[in-house]
Amino acid sequence: MELTKSEMEIMDVLWEAQKPVSRADLLAHSENKTWKDSSVHILLNGLLQKNAIAEAGLVRRSKTYGRVFVPTMTREEYFASTIFSHRCKPDIVKLMEALLRREDITPEQLAEIEALVEQRKK
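Computed from a predicted model, the values in this text were never measured in an experiment.

How each quantity is defined
Residues numbered from 1 in each chain as written. Predicted model: local features only at pLDDT ≥ 70, side-chain atom pairs only at ≥ 80, totals over all residues. Heavy atoms only, no water. Pairing = 2+ DSSP bridges. Helix = DSSP H or I, 4+ residues; strand = E, 2+ residues; numbered from the N terminus. Contact = heavy atoms within 4.5 Å. Axes fitted to C-alpha atoms, helices over the stretch in contact; angles between N-to-C directions. Core = buried A, V, L, I, M, F, W, Y, C linked by side-chain atoms within 4.5 Å. Buried < 20%, exposed > 50% of the residue type's maximum accessible area, 1.4 Å probe, protein only. Expected span 1.5 Å × (residues − 1). Salt bridge = Lys/Arg side-chain N within 4 Å of Asp/Glu carboxyl O.

(A) Spatial organisation of the sheet that holds strand E1 (residues 21-22). One open sheet holds the 3 strands; their spatial order is E1-E3-E2, and the pairing between them is antiparallel. Only two strands of the sheet have a single partner each, and these edge strands are E1 and strand E2 (53-61). Strands in contact with helix H1 (residues 5-17) are E1, E2 and strand E3 (64-71); relative to E3, the strand with the most contacts, it is inclined by about 85 degrees. Each of E2 and E3 touches helix H3 (residues 40-49); the most contacted strand, E2, lies at about 140 degrees to it.

Printed below as a string of structure tokens:
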């Protein structure tokens, strides 16, 4: 699944919120957005069709009710899926090697990665 820049902006708000978000909350928390407020319904419906988000109920807003949304995957799960959705998939060992060469990886993160690899081996 590939998301547009505008869809990613919405997903960023949903991922950061870590709770169901209404349309009004989404508009209030969308900083530096590249889309117009009037197109939020189109973007939300596109994300629903792509199964990137799901409806999580209704909330009362003054006299009406509005839907709330949650992401169906974490940010990390999304990026992991996009890496392998292209026609030319990377070699996973070389990809991991490239990621591990990054200077911004902390010793704590390396220890977590080691634990995950050991857990996966079992």
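(B) Representation of the nonpolar core within the structure. Core analysis: the largest hydrophobic core is formed by 21 residues, its most contacted members being Ile10, Met11 and Ile53. Elements that contribute at least two residues to this core include exactly H1, helix H2 (23-29) and H3. Take this core: its biggest share by element is 6 residues, from H1. Beyond its immediate sequence surroundings of up to four residues, methionine 11 is in contact with Leu3, Leu47, Ala52, Ile53 and Pro71.

(C) Looking closely at H1. Here H1 spans 19 Å end to end across 13 residues, near enough to the 18 Å set by a 1.5 Å rise per residue. Looking at the buried side of H1, the elements it contacts are E1, H2, H3, E2, E3 and helix H4 (75-83). Just downstream of H1, glutamine 18 is the residue with a positive phi angle, here 55 degrees.

(D) Layout of unusual backbone geometry. The phi angle at glutamine 18 is positive, at roughly 55 degrees, despite the residue not being glycine. Summarising the element assignment, glutamine 18 is placed in the loop between H1 and E1. Overall, the relative accessible area of 73% leaves glutamine 18 in the exposed class.

(E) Structural context of the pattern of salt bridges. Within this structure, the stated rule accounts for 8 salt bridges. Between lysine 50 and glutamate 7 there is a salt bridge whose closest N-O contact spans 2.7 Å. A residue pair is termed long-range when its members are at least 10 positions apart, and lysine 50 in the loop between H3 and E2 and glutamate 7 in helix H1 qualify at 43 residues. A relative accessible area of 6% places glutamate 7 in the buried class. Between lysine 33 and aspartate 37 there is a salt bridge whose closest N-O contact spans 2.9 Å. Taking relative accessible area as the criterion, aspartate 37 reaches 37% and is therefore assigned partly exposed. Put simply, Asp12, Glu16 and Arg75 are held in one network by salt bridges that share partners.

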